[in-house]
Structures are given as structure tokens and as C-alpha cells.
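# Observations on the three-dimensional arrangement
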Amino acid sequence: MADQTSSKTELATPTETPAPWVAPGYTFASITEKISSIVLARPTGPGWVVGFAISFMLVMVLMFAIGWLLVKGIGIWGVNVPVAWGFAIVNFVWWIGIGHAGTLISAILLLLHQEWRTSINRFAEAMTLFAVACAGLFPLLHLGRPWFFYWLFPYPNTLGVQPQFRSPLVWDVFAVLTYFTISLLFWFVGLIPDLATLRDRSQSRAGRVIYGMLAMGWRGSARHWHRYETAYLLLAGLATPLVVSVHSVVSLDFAVANLPGWHSTIFPPYFVAGAIYSGFAMVLTLAIPLRAAYGLEDFITMRHLQNMAKVMLATGLIVAYGYLIEIFIAWYSGNEFEIAMVENRFFGPYAPAFWSLILCNVLIPQALWSERVRSSTVLLFVISLVVNLGMWLERFVIVITSLQHDFVPSSWGRYLPTIWDWATFIGTLGLFVALMFLFIRFLPMISIFEMRTMLPEAEVRAQGGE
Amino acid sequence: MAEERKKCGEGFWRSLEESQSDRPRPDEESVSSDAFPHGPGDVSRRHFLRFMGASLALAGLGGCDRPPAETIVPYVRQPEEIVPGKPLFFATAISIAGLATGLLVETHMGRPTKIEGNPSHPASLGATDALAQASVLGLYDPDRSQVLTYLGRIRPWSQFVAAMQELRKELRQNKGKGLRILTGTIGSPSLGHQINQLLKEFPGARWHQWEPAGRHHTRAGARLAFGAYVETQYRLEKAEIVVALDGTLLSCAPGYLRYAREFARRRAPSPGAEGTSRFYAVECTPSSTGATADHRLALSTNETIAFVQALAVRLGIDLPRTPSLPPPQAHWLEALARDLEAHRGSSVVLASEHQPPLVHALAHAINRSLGNVNQTVAYTDPIEVNPTDEIASLKELAADIDAGAVDTLIILEGNPAYTAPADLGFRDRLAKIRLRIHLSLYNDETSALCHWHVPAAHYLESWSDGRAFDGTASIAQPVIAPLYGGKTAHELLATLSDRAERSAYDVVRAYWRERRGGSEAEFERFWRKSLHDGVIEGTAFAPKAVSLNLSAIAAAASPLPSSGSGTQSNVPRSADSQSVELVFRPDPSVLDGSFANNAWLQELPKPLSKLTWDNAALVSPATAERLGLGTRQGFTGGAVYTELVEIRFQGRAVRAPAWILPGQPDGTITVHLGYGRTRAGRVGTGTGFDGYALRTTAAIWSGSGAEVRKLGGRYALATTQTHHNIHGRDLVRTVPLAQDRETQANARPEKHNAASHPSLYPEFAYPGYAWGMAIDLARCIGCNACVIACQAENNIPTVGKDQVLRSREMHWLRIDSYFKGPPNNPETVYQPVPCMHCEMAPCEVVCPVTATAHSAEGLNDMVYNRCVGTRYCSNNCPYKVRRFNFFQFSDWNTPSLKSMRNPDVTVRSRGVMEKCTYCVQRINRAKIEAEKDGRRIRDGEILTACQQACPAEAIVFGDINDAESTVSKLKADARNYALLEELNTRPRTTYLAAVRNPNPAMDKA
Amino acid sequence: MAQIFHPSTNTISRLSIFGALFLVIGLLWILAAIDRSSYVTEAGVVREQPVPFSHQHHVGGLGIDCRYCHTSVEESSFAGIPATEICMNCHSQIWAASDMLKPVRDSFKTGEPLRWQRVHNLPDFVYFDHSIHVHKGVGCATCHGPVDRMPLMWQAESLQMEWCLGCHRNPAPALRPREFITSMDWRPPAGQEAALARRLAEEYEISSPEVLTSCSTCHR
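We now turn to the structure provided with this report. For clarity, every value in this text was computed on a predicted model and none was experimentally measured. In every chain, residue numbers begin from 1 and rise along the written sequence. As a convention, the first chain written is A and the first ligand written is 1, with the rest following in written order. At least 70 in pLDDT is required for a residue's local features to be given in this predicted model, at least 80 for side-chain atom pairs to be given and counted, and no such filter applies to totals for whole chains, interfaces and linings, which use all residues. Excluded from the side-chain calculations are hydrogens and water; all other atoms, namely the structure's heavy atoms, are used.

## Describing the sheet that holds strand E38 (residues 989-992) of chain B
Residues and elements named next belong to chain B. Convention followed: Any two strands between which DSSP finds at least two bridges are classified as paired. Under the scheme used here, helices are H or I runs from DSSP no shorter than 4 residues and strands are E runs no shorter than 2 residues, and both carry numbers assigned from the N terminus.
An order of E36-E29-E38-E37 is seen for the four strands of this open sheet, with the pairing classed as mixed. Each edge of the open sheet carries a strand with a single partner, namely strand E36 (955-959) and strand E37 (976-977). Alignment of strand E29 (residues 771-776) against E38, held across four bridges, turns out to be parallel. Bridge pairing in E38 places Ala774 opposite Thr990.

Here it is in C-alpha cells:
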């Protein structure tokens, strides 16, 4: 336990003694009651209904946009030659980035014994899954002939040809699918004990049956717990490298290409940092309203928010460093194309996007240095939104400005997204939010049993067990 | 008409329709257009069903698609010359403005699919121009008139014949009084003969000619200089110094294909060949000619008159004094004059059609005084059957109509209602004629005003003949039966003769039979030979002696036209800033408008401006500044937002978008003719604005005192190149001749190979053939022939203006143009850019499905049927030569267009990438033939489509494993360089630096 | 509280986990099989023809050489379908009155061509050239099968890309001396198959597999 306390103190600001991860005055029963009741007892509030209705409408918009795309062809989007990749790839990278925090929190922080993760890992993982699902749509849709997507998989086909493994796009397929599968398993395994709780507390037979099936006969016996721990740890171990690999591979889509502004070795680390940055931003964006709406301030405490803010600040600085290095290398390399690329980002047709990205990702987040800002949920919420926007802009700038202005001036072009680009993007936002709504309505958004281990009694138990 | 349109292949421009991303396919529109307004986001039930269908398709179709059951339909009796699967080539000739160019037409199972030049024809030498290349699309155009109509109602041919025979009776009584025949410039001997016969029979009848883009000034100039119509020919291969007065030499002058070749041979310094010629251009509207010049002087027409007159005086021709030229011009003139004097007999001064007659006359005088006649210049009889002052001829017709002297007007081809000078008010005058008969390919502006409209046969469907610029006659034979029952001028005229049903074949054959005499057997031999060769031996005109009438020229020369003269080109004129010189030019793409419905030409980027689908009012940067005009690049990619101006000239006005063109002389505004058609067809109608509305008989090519006024409002022009500034990048190299000599002597180009630039990827070995291309920038004149040739050969679709606005044009081969130096008179360079076929191709490694792969012969293969459309390859192509089918651009519905396609090239579907293949179908054909003969492919056996069309021989393709091949030799030249070679892509396509041969004395200018 | 699930549920769930695994694998296998089945490839499917022309009779029975009817097979990409007059060369005398041949006679009289059902149909993006294959010693029977035993024509091979590549990746075994090109029963002399293949590949200058498997060899 000693190392844990020490790590806690590290995370907490050294001046005052750390506040507990759960507000005082809770028992096992009250925790269970409070969290499970959100799903089982609490009536579906009008807020939930309205919110879900809106997001569901956006999902319909997405469906329509996709249908039209399949009927008409990729040309309904703004893409052209030279800017052959547009919103689809921007959004893909953005969503994948967001999909990072979940697994990071659950896996890496678990291995690092960061107990404070317990109250946020559950919905962070859910967020990951939904974000990756949204991301996964785009590479598929942006194909000129989506119905041949399966040609990217190696399988014994009648053509006698196989995918080309030199192409980062093939790497993407494997990286993203693996990441999604592991994240899903991880999330589900983590859910099992709580599903059992819901099964046992559920009033309706339907509830009992469904939760029962999902709980896979969990009885909480010592053997169950033992196996659970092993499986969970194993998955955490598996997931950890994936957190790094998936976005590194995505970044290779760009780094492998020869375009000025893409062809850069710094991309993998810089993308991973960016991913965590945006991931935590999204977790905050979700956590702050959630704890307010469902009165979870006692479980998702200010300390949690503070810690996440600190992680954001740290990764934000790494990202800023990335920007700096890009510019420095362009100048240092003396490569006329690289220099022209940077000039174009500074003063070119898309300069506004670049400067607002600097504002959103570099300047505004510096406010997080201040204790006062970090302890204001409103400011944290605003900043997290700003960072989300900033990270989207970053991807936009990377994709568009590099393509639009490359080697041969005669083929320089521009890019203007069409209404269908926007519809698809906003549609995925709707899908993401809609799935979130369903999640908080039907599954415990905070891990009940893990929260219980956070109580002082739990530690006594643990010692007694030894 | 509407029904007719529907009937003839609804959905011809489906690609255009589709491109307006929210509109349904026309086939649908025809059904549901009334039911549903088509706005964005409007889903009819049908659309919804199609969503479902498409979604199902996504849900795992693709694997289980099976080719549709087909039937094979063999011949009943097989013609022995046809081998199914093998193309046949026929010799014929295309006549534009009375000038014939020999062609070879590739046909597959009787369907003409591709036009090539006829190597044995003097005006072609195997090359073609963009118009000829595109004419095959014109043949299959479903918008062509398909029915004979009287007052808009459909009539059978027989009824027309009957009516003509009635007319004939009448004419026989009144000796043909009141009969008028209006044609374009007629170069066809047999047709001319036929008309003359008619006139003989009906003495009262008259024959008028009007060719909107004809050679009015050339003829008038010759008349002025020699007192008679004389044809001028040039021998550019003998010319050390070439002075072009305005630029049609390399774009549309008679025989320009030949001139381009002779010229190019003297421009590219090749070891062993005679020295490089020096080229001066004095021109108004920037053109390909000026762009290739060593020294270009931008002068308005009036300034040119003064300049040429001063030059003549300077060269000792006895003319009245001229006002002194402004210093820069004077200096230029001095240097030029010295150079000319140093090259007596080996220089040539050519005046282009667009210069006033006086300039032509002066050019003749200068050539004579320099002793160039019979050296670099030769004079022959005119090639027209009946050369006339066509402007006067048309005026006369107008006058006669007013006098009520015209009862019947027969219009053979041509579209006078649209092309006649505005001051003749031809539309209104037509109405006064009792009987109006119009033969034309399209039911156009004139047809609408005529009683009888007779659909004309396309030249590929007709028997006829014609003469080339040097008088060489060719017989034009049909390669396909008339698709839409069109008739030829021969046949229409025959209906007025005693043998009404006489076929064009009979007329043409009878004419030559008569000309040749001799026995039938002999003639048969001659006839077959002439058809086979595409030229009639010994019909070229012999040079003849002419006497120059200097006094007449002197008389014409004084007094100088006052307006606009004495102004300077290089400093903005301070005088009345509103009044400018208005300049008319035939459009580089659609000529006089007769090609307006040809989508290939509409989408063909015009030289320099790279504009498509529109014409514009061209102004110089300085003039634009004075008028407060600017342009703004749109964010969609290919869109440039220009400002609208009103051009008012002699009481008539048009609104036009103003395009700022570097090199345009200040104080001039150039308007290209051929746009603003109202009845061109689904493609041409409504594109651009009508320049003819301003053109008058007094101002055929230019006129002073036009008023230009900036209007509010912007207009989006679609261009394929928005940046003409090369930003100091080493993409296009030009070397001064002197420097080139020494580089030739010592420096060898650094070879980019595995040794010098290692790669992480394994090297390829090329044991067999290794295909490569060399493009000589010293030869390229940016004439666009290669672009259309490529389009025709490779079934490349057009996409329509709004897709070009989104920069989604599909041309596999583009011609980049860059401006260097001062914007008022920049140096211009052209660079044709096909696929580079890199040996270390960046596109290959990133394709997830190996849809683009490296062939064993170094080709960068593009496999459409494997492509899933990630477009990663395009991103990773530093040259951006890849093109993507964002929609279903190729038309899969229109039957006539299916017959046009090259059967050896896949017609691409939506969502796949495509690009230049080095005409791999031609490579494979040659390989198979060579292997069957058990030999290697000979050098020059494979000609890529672009190479074959190129008049300047700028593109050379071949096996670089063979050290003796032409391409290998060129690649060994010191001028050879690879585009972006620092990227180590090792392109198989390399360039030879352009060569400039400046006059040292000119430096200070 | 009451049991929701019957004890057997445990077994069922365990089974279903493993079952699912095998189910997925099985499905994939079935898909692959269907893709190669004659349902998709239409190999071995006999086509009804306007005239029940029997290759068995004409080739096997009468021993007429392929090239008598498929005239352009040696010079063109397209082997050629006989014009009606080629049929009539014989059938103006033989079976001149048979009802079976009425369509042929009608076609000859009216000039209205016969419409045969296409048996070997490659996709439009594949450019197969008969002449070069014949020239390089690939026999008719190699791709078209024992035509002399086909009363009505059917497609002998799958014509799928992997089938084409089979030869293009290793052409030698498919070769035969040119003089036996149209022979239906030629077999390499027993024991010397390999030697003959090597000799012919040499003699006929068969291109390297790299060239033969370059995409643009068949796709343009």
C-alpha cells in the first residue's frame, strides 16, 4: 500500500493532504445503491429523452448522408485532386484520437496503480468504443468503391492476389480492428461483476434475464474473482501497447507519404500525445456534465478533474513541442518544399485554421497552470471543448494544407467541404452522443465494485485477507 | 426538338448532370422532374429505394457479381478485309475553312474511333491538331441534327428533292434570278466545280462565301501587294531568323502543322542538324507562337502597323515617313533590323491573318527586299476555288436582300445567323427571303430561321475532296455510313440539277475522271491509289513569279491610322483609360463556334489561361488595374472569380468576365469568338458570351475605340491551373543557346540511379524492354493536340464546368504553363506533364490493394478493376498526374458514344483512379505482333497517342534499354533532366530543357 | 431469490462459445467454396444455342480443324465466330434440307445473322489475345477443354484470375508443339513432360513470369 499512497501524494498537490477519492460517509451498500439506481430505479428524466432524441436525429442525418454517398459517389464531398483526402480522414484521425483516453485510463493507469482511475475508467472505456466505432466508419466510406472494402483483408480469393502490406492503410485496418476488439473485451470483462449486481438488484424479469446473460453466471466466488483479476490484468497488459501502436500506425498514413508536412519522423509520438490530449479533453467534456446531471460529485471528485486537467496540460505541452519542432525542422532542413509548406500554413489560404489551432491547443490550455482554473468545472469544461476543437483543427491543417500546396505549383489547389462533408461529420457526433446516452441509461457508468474497493474498509479487508 | 433530343440518347451529359451533386440522372429526371423539384437533400421514394439498393450493395455484394449473358453475332458474309479484333486505317481528309488536312482514321469493325495524321500528306506529316482529333466526337454527337425538317416539321428526303425540282423548273424560266448560294470558303475542287456548273446553268444566280474565321486580311493583303490573290508559303527549315507578326503561325495558320514541325526542327539544337533559328514575335493577344519566341513584343494592332511600317522604312523600302516609335520599340526594331539584314535570304517575316492587309503587304515587301522570295518564301496560285473578298461578298448579299433581289438562299454549312458581322443584322435580313434552305450538322441558330433544314453528313461520312495549303488535293472518303441520314453539300446541290439523286461519290469521281481523262482502267488505278495514299500525286501548286506593287502599298500606308497609334506598350497609357482597342480572335478550342458542342474541346484548357468551358475578355494586368478589375481564387479548387465588364463597341455591348492575362498589350481587350451559342446543343449552348455581337465588317479582327466599363458582380471561370508562378522551383529549365553549347561540350547530366541515390525498397531489374519518354521543351508549342489525342485514345471522359470548378478534370496529359519575368511581357514556358512512370514510384507502395503496380518493363500499371479508390496514390504522387472518377463520369448510356470508344482501353467506372499508361494498349499490340514475327520491337514502332499527334515532334517514346533508340539518345543529351529528381522517384519521363536563342543586341531592351 | 436460469444454461453457453467459433470458420469455408463453384464461374454449364451445333460431331466425328471456322485465331485477339456462309459451304449440300439447320439457311437467305449464346465470356477489363497464346504453343484444348467431346459447348475452366495466373506464373507445363495446337488428344510423351516443357519454353521464347504477371499484360 505504501507505494500507492506515495503515488497518490505525487499526484495530489504536495501542499495540502490529499482529499479522499470518494467523499466521506459512504458504505458499500450506499455506493452500490447510488450507482445502480441510476440504471435500475431512477426514472428516465426528460433531459435524457430530449438529449437522446436530438442525437438520434443526427444519427438519421448520418444515415441519409451515407445513403446519398453510396448512390452518387464520393464526388458529393469536397475532395478533389490534389486534395484527395478531406473531412473523412480528418474526422477519422480525430475520432481515433479521442478513442485513446479510455484504454489509456483503464489499462495504463491500472498497471501504474493509479487508483483514481476507478471512477472514470468505465465510461471512458465506453467513450473509447463509441469513438472508435465512429472513426471506423470513415475509412470505409471514403473509399471510391466501398463495397470492395474486403479486398484490404488477406483471404484466399479467386483473384490470386493479396493486399499490399507495404501500404499503411493495410496496417490501419489491423491496428484499428485489434484496438477495437481488445477495448471491447476489456470493457466487457470489467463490466461483468457489475452486470451481476444489476442482475441481482433488477426488479423486472427482463432486466434479470438480460443482465443475467451478460453477467455470464457471475457469482462473485473467490475463484471468479481470481480469474477475473487475471483476465483483467492480462487484457490490460495487451491493451497497453495498443494504446501506443494504434495512433502511431494512423500517423504513419501521413509519415510514410512523401508530402511536405506529412513526411516527418516526429509524427508517431506527436500523434499519440495529441490523441491522449484530445482523449482526456473528451473525458472531461463528458464527465463534468455527467457528474452534475447524476449528482456523482462524490465519486468523480474535483481531484479527479484536477488530475485529468494536469494530464491534459502535460500532453498539450508535448503537442505544442511537436508543432515547434515541425517548424524548426522545416527551417533547419533548408528544404524549399518544407519551408514553403510552413509559410503556407502561416500565411496561406488556410492560415486562419492554423492560427486558431495554435490558439486552441497551445495558448488557451496554458490557463490550466492556474489552480483556480483547474478547480472551476465551468472553465475546465470550456477548455476541454476548446481542446477538442483545436485537435480537430490540427488534423484539418495537417491533411488539407499539405495536400493543397505540394511540389508542382501548376497543380496546387484548394479544398472546400460540402454540406455532405458536414452532415457526415455532425452525424458521427450524433452517433457518438446517442450511444453515450444509451450507455448511461442501461449500464453502470461507474464501476460499482471497484468504487467499493476505494472505501477505507476495503483496505482493511484486503489486509485481513492476506 | 425536345422529343428529338430525348430520342437521341437522353443522358448524353449524364456526367455533367451527376456532377451537380444533388441532381438525379436525366433518365430519372425525364420521368420525375415534374413530380419532384430537385434540390439538395430531397429524397423521392425512388431515391430512397436506391439508398436501400446501395446499402445492400455495401452489405457484401462485389464478390457475387457475374458477367451478364452475352450473345455473339457473326457476319452472314464476312468482308475479307475485316479481321474481328483488328483495327483498319483509312485515309481521308478534314477540311476546315476550305483547307484540307490529310488524316488516317482508325476504325474497329467499321466504327471510326481515332483520328491520326496522314504521314504522306504535306499539311499533316503524320501530325494532327486538336480540332481534327476531337472531330471524331463530333461524328457521334447525339445532338447532331437527325431529321430533315420543313418549318420545323419532319419531312422525308424525297419530299425535299421534289421541292428542289419544283424550284429548278422555276429557276430555268427566270434564268436563276434571285437564287443565292452562301457557303464557307470552298477549297473542294469538285464542289466548286459543281457550284460553277450551277451558276452556268442559272446565270442569274450568285455565289457568296463567308468564313467567320477565314483568311480575309491575308487575301486582301496579297491583293494589295500583288494586285491579285496569291497564296504564300514558307520554308521555315531554311529560315535562320523568323519574325512572326502576330501569332497564328503555330496555332492555326494554313499548314501550321507542317510549319510547326519545320520550326521545331530548327529550335531544338540537335547534334548534326543546322543551327538553331532565332524567333521574334510581335503580337497582340499572347499565343503559343509568342510563348515560344526568343523575343516577344506586345503591341496592339495599330501599334503593329506603325512598327512594321517603321521596320520597312528602316530596311530601305520607299514609304512615307512614319512617326517615331517610343524608345523601347525603336531599340527593339533596330536590333531586329540588324539581325534581318545580316540574314538576307535566310530570314522570313510572316504576317498572321489577324493583322490588317497593310501589314501583310508590308511583310511581302520586306521579304522581297530581304531577298527571301523563293528562299524562305514562295508564292503560288490561291487554293480556294473562287477566292473573293468575303466581307464584301456578304455585304453584297445583305444589300441584295434589302433590294428584294433574293428569292431563294441556299446556305451550305456555316451558321451566318450567328457568325455574320453584327452590323449586317443578318438575322433580320434572312427573314426577308422567300425561301431559305440550310444544310448543317446541327439544327442551329441559322436552321431556326430557315424553311428547310437538311442535316449535313459529317466529314467522316462524306465523299468529297479538298486542297491543302500547298494546293495538294486529297479525296475525302467516308469511313462510316451517315449515322443520322445526313447529306453532303454535293448531294444537296445535285437536287437542283437534272440528276437530282446523284450521290456525292458520283459527283467527286466524275469530277476527277474528267480532270484526268485517260482510260477507265488507268483512272481506276489512279482513283484507288489516291484513296489509299490520301493524296493525289502532283497536285501541289508550283511556285509562281509575282510582281510587287510598291506604290499601292505606299498609298495604303499613308496616312497612318491615327487612333491608338503612337502609344507605348510597355508603359500604361495615360490617355483616356476607358477607350481600348478591341481585338477579335477565333477561340483556340472551339474556333469560330462550329465546334461549340464538342465537350472535349470545351473542356480543353486554352493555352496560357488554361480556361475551360468559357471565353473571357482578356486584359493586361495594367489595364485591369486601371479599370479596377481583379480576380479571386475560389476555395473549390478550379474556380477563379472574375469581375464582369461591359464592352461597348459601335453602339453594341456585351457583358463579359475579365481575365487578366500577362503579356496582353495595355489598352487592348481580346475577345474570343465562338461562344455564347444559343442553339449549339446540350454541351455548347449557353457557354461563354458571344463576341460576334460586337464584330463588324469594318472591324473583323480589331477595332479602336471600344468602351470598357466595370460592372458589379463576379463570374466564376473554371481553370485547370491557378498558379502560373513557379516560385523559383527547378521544374522547367530554359538554357540560352550559347550556354547549351558549352554544356553539350563538357557537362554530362548526373544520372539518378541506385548508385547515386539508394532506396530502401529493392531495385527492379529490367532485362527486356524498358519504356521511357523524353519531352523536348524546346520543341513544345503548347498546341494541345496531344491532350485531345490522349483523350480520344484512352476513353477519357469530360466532367463539365462545375467539376472543373472543383478541379476534378480527367485529362491524363496536361500542359502546364508558367510565366517568368515582368507581368506586362513575361517569358512563358510550356511543360506537358503525363505520368512520369517512376522506377521508384511513390504511388505504388501506398496502394493497399496493389491496384497500381510496377510492370516488368518499368511501366507504372494502373489496374482499374482492382482499385477501391483510397486516392492515397494521388496524394503521394509529387507530379499530381493521377485522376479520380469522383462520379460516374464516363457515359454508359448513350449508344452513339459507346461506338466511339477505343475497344482496347477499359471504360472506367465511378470511384476508381486512372492516369497515363504510356498507351499500354499500343505497347501490347506492338509486342504481340513483334513476338509473332519473332523479333524485337523496332525503335519508333510504338507511337503513344500524344507523340503521334504532336506536330513538333516534342514527345519521343521508346525503349531506354536500347542505347540506339531515339529516346535513349535524347536522354543522353546534356539538356535532359528529370522533374523533381531530388525526390529520387527516378521518372521514366524526362524533359529536355527549353532553348532560348536571344539576340545579344537586344539585352538592353 | 429464485433462479433465473436453468442449470443447463452453463453447458449451453459453453457449447455456444465453441460452436460460434466453428460456425464462423465453416461459413468462411463455404463462401470460398461457393466463389469457386460452377454456380459463380458457370464452368460446365451447357448453353442452349439457336442451332444445336455439336463440336463433338464436327471436331470429334468429322475431324474438322478448329481454324476452319475460327479463322482469325492465329492473327487476332478474337478467334472469330464463323460467318453463316462458312456453315453453308458444307450445308448447302449436306443436310441441306434438315429442319435443325433452318435458322442457318434463313440467315443466309435473309442476311439476318445468327445470334449465338456466348460461352466463354471474360470481363471487359480483361484483354485476352488468342493469337499470341496460339503462337506461343498453348493449345486450344488447354483452356477450352475436350471440345471434341462436347455435344453442346460449355466452359471447361473457371476463367477466374487465379486460374489465368496458374499458367502465367509457370507457363512451361501448358505448352505443346505448335503443330499440335488444335489437336484435342495430344499428350506430352510420357516421362519427358518436364524436358519438353523446358525445350518449348526456350524455343518459343516464353516471356519471364515477371512479364507475364505484370498487370498491364492483361489489364489496360
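## Some remarks on unusual backbone geometry
Applied cut-off: Relative accessible area decides the class of each residue, using a 1.4 Å probe on protein chains only: under 20% of the type maximum gives buried, over 50% gives exposed, and in between gives partly exposed.
Put simply, A:Val81 and A:Pro82 share a cis peptide bond, and its omega is 15°. Looking at the secondary structure, you find A:Pro82 in the loop between helix H3 (46-72) and helix H4 (87-98). Positive phi, close to 70°, is recorded for B:Asn374, a residue that is not glycine. Here B:Asn374 shows up in the loop between helix H13 (357-369) and strand E14 (377-380). Note on B:Asn374: relative accessible area 54%, which makes it exposed.

## Regarding the nonpolar core
It is characteristic of soluble globular proteins that their nonpolar side chains tend to be buried jointly. All names here are of chain A. Operational definition: Nine residue types can take part in a nonpolar core, namely buried Ala, Val, Leu, Ile, Met, Phe, Trp, Tyr and Cys, and a core is a set of them joined through side-chain atoms within 4.5 Å. Throughout, a contact is declared for two residues whenever any of their heavy atoms are within 4.5 Å.
One finds Phe123, Phe432, Phe439 and Met445 to be the most contacted residues of the largest nonpolar core, which totals 282 residues. The greatest single-element share of this core, amounting to 16 residues, is contributed by helix H10 (residues 267-293). Sequence-distant contacts of Phe439, defined by excluding residues within four places in its chain, comprise Arg122, Phe123, Ala126, Phe130, Trp187, Pro444 and Met445.

## A look at the pairing of strand E19 (residues 473-476) of chain B
Residue and element names in this part refer to chain B. Judged by which residues are buried, E19 turns out to be covered on both faces: Ala473 and Ile475 on one side and Ser474 and Ala476 on the other are all buried. Here strand E18 (residues 464-467) pairs with E19 via four bridges, running antiparallel. Residue pairing in the sheet places Gly466 in a bridge with Ser474 of E19. The hairpin formed by E18 and E19 contains five residues between the paired strands, and Gly471 there has a positive phi angle of roughly 95°.

## Here's the deal with the sheet that holds strand E4 (residues 111-117) of chain B
All names here are of chain B. Going by this rule: Fitting a line to C-alpha atoms yields each axis, with helices limited to the stretch in contact; the angle taken between N-to-C directions then spans 0 to 180 degrees.
Here three strands make up an open sheet; going across it, the order is E2-E3-E4 and the pairing antiparallel. Both edges of this open sheet fall to strand E2 (88-96) and E4, since each of them pairs with a single strand only. On average, each strand axis in the sheet is tilted by 40° relative to the strand beside it, whichever way the strands run.

Without other data, these values stay purely geometric and don't point to any function.
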